[in-house]
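Structural overview
Chain by chain, the residues run as shown.
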Amino acid sequence: MGGVPLPRITQFVAGNKTDKFPVKLELIANERCQIRHNALESARITANRALEKNIGSTNYRFRVHVYPFHVLRENKQATGAGADRVSQGMRASFGKNVGTAARVEADQTVMSIETTEQHIPTAKQALRKAGMKIPTPCKVNIGKAS
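A brief structural summary.

The rules behind the values
- Residues numbered from 1 in each chain as written.
- Predicted model: local features only at pLDDT ≥ 70, side-chain atom pairs only at ≥ 80, totals over all residues.
- Heavy atoms only, no water.
- Axes fitted to C-alpha atoms, helices over the stretch in contact; angles between N-to-C directions.
- Helix = DSSP H or I, 4+ residues; strand = E, 2+ residues; numbered from the N terminus.
- Parallel < 35°, antiparallel > 145°, perpendicular 65-115°, else oblique.
- Left-handed = near helix turned anticlockwise from the far one by under 90°.
- Contact = heavy atoms within 4.5 Å.
- Nonpolar A, V, L, I, M, F, W, Y, C, P; charged D, E, K, R; others polar.
- Pairing = 2+ DSSP bridges.
- Core = buried A, V, L, I, M, F, W, Y, C linked by side-chain atoms within 4.5 Å.
- Buried < 20%, exposed > 50% of the residue type's maximum accessible area, 1.4 Å probe, protein only.
- Disulfide = S-S within 2.5 Å.
- Salt bridge = Lys/Arg side-chain N within 4 Å of Asp/Glu carboxyl O.
- Patch = residues over 30% accessible without salt bridge, like charges linked within 9 Å, V, L, I, M, F, W, Y side chains within 5 Å.
- Areas by Shrake-Rupley, 256 points an atom, 1.4 Å probe, with all protein chains shown as cover.
- Lys, Arg positive; Asp, Glu negative; His and termini not counted.
- Charge placed at Lys NZ, Arg CZ, Asp CG, Glu CD.

1. Describing the packing of helix 1 (residues 37–55) against helix 3 (residues 120–131)
One way to put it is that helix 1 packs onto helix 3 with a least axis distance of 8 Å and a crossing angle of 160°. With respect to their mutual orientation, helix 1 and helix 3 come out roughly antiparallel. For the pair helix 1 and helix 3, the sense of crossing is right-handed. Contacts from Ala43, Thr46, Ala47, Ala50, Leu51, Asn54 and Ile55 in helix 1 reach Thr122, Ala123, Ala126, Lys129 and Ala130 in helix 3. For the contact of helix 1 with helix 3, the class distribution of residues is 8 nonpolar, 3 polar and 1 charged.

2. As for the sheet that holds strand 6 (residues 96–104)
Judged by pairing direction, the sheet is antiparallel, and its 3 strands sit side by side in the order 3-6-5 without closing on themselves. Since the sheet does not close on itself, it has two edges, and those belong to strand 3 (33–36) and strand 5 (70–74), each with one partner. Averaged over neighbouring strand pairs, the angle between their axes works out to 50° when direction is ignored. Direction of pairing for strand 3 relative to strand 6: antiparallel, over a ladder of 4 bridges. Following the sheet pairing, isoleucine 35 is matched in strand 6 by alanine 102. Strands in contact with helix 1 are strand 3 and strand 6; relative to strand 3, the strand with the most contacts, it is inclined by about 70°.

3. So, unusual backbone geometry
Despite not being glycine, aspartate 107 shows a phi value in the positive range, around 65°. Relative to the helices and strands, aspartate 107 is located in the loop between strand 6 and strand 7 (109–115).

4. Comments concerning the nonpolar core
Core analysis: the largest hydrophobic core is formed by 30 residues, its most contacted members being Ile35, Leu40, Leu51, Phe62, Val110, Met111 and Ile113. Counting only elements with at least two residues in this core, the list comes to strand 2 (23–29), strand 3, helix 1, strand 4 (60–64), strand 6, strand 7 and helix 3. Top contributing element to this core by residue count: helix 1, with 7 residues. Beyond its immediate sequence surroundings of up to four residues, methionine 111 is in contact with Leu25, Glu26, Leu27, Ala43, Arg44, Phe62, Arg63, Val64, His65, Leu127, Ala130 and Ile134.

5. Quick look at the state of the cysteines
Working definition of a disulfide: a covalent bond connecting the sulfur atoms of two cysteines. For the structure on display, the rule yields 0 disulfides. Here cysteine 33 stays unpaired: no disulfide links it, and the sulfur of cysteine 138, its closest cysteine neighbor, is 7.4 Å away.

6. Notes on the pattern of salt bridges
Counted according to the given criterion, the structure contains 5 salt bridges. Where arginine 32 meets glutamate 105, a salt bridge forms, and the shortest distance between an N and an O atom there is 3.5 Å. Placement of arginine 32 in the loop between strand 2 and strand 3 and of glutamate 105 in the loop between strand 6 and strand 7 is noted, with a sequence separation of 73 residues between them. Taking the shortest distance from any N to any O, the salt bridge between glutamate 114 and arginine 61 comes out at 2.6 Å. Here glutamate 114, found in strand 7, pairs with arginine 61, found in strand 4; they are 53 residues apart in sequence, far enough to count as distant. The residues glutamate 114 and arginine 61 share a single accessibility class, namely buried. Put simply, Arg61, Arg63 and Glu114 are held in one network by salt bridges that share partners.

7. Side note on a positive patch on the surface
Side chains of Arg49, Lys53, Arg128 and Lys129 sit close together on the surface and give a patch of like positive charge. Those elements giving two or more residues to the positive patch turn out to be helix 1 and helix 3. Of note, lysine 129 is situated in helix 3. Given the relative accessible area of 36%, lysine 129 is considered partly exposed.

Below is the structure:
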């Protein structure tokens, strides 16, 4: 396959990794899509920053549930003067690796936050902000942690 580019997202669990929390909020994708690794990292940073700033790093556990396995390729086109002489068009157009993406099905959990009852509004707002960075409409489900 050649070299697979490393995903930009490196941490998949943040916050308090040991405690048990009673409430679990999930960000769920409404449609199937591919989420690029840099979009996942952007959403993770946004949600984690909002949680750390407002409720502290010991009052939640944040988890990203999808991993960007799918390799994205791009058939680079020559640009500039004389590009039409050099370019081969669609001949041998397999493409070079340019990044990775996570394939997400409809109604699949993308990320989740476990926290206490008093921090539900803050956690819900953090997931809503993270959902803005993802290329599909998302909803937030609130339930009991398992």
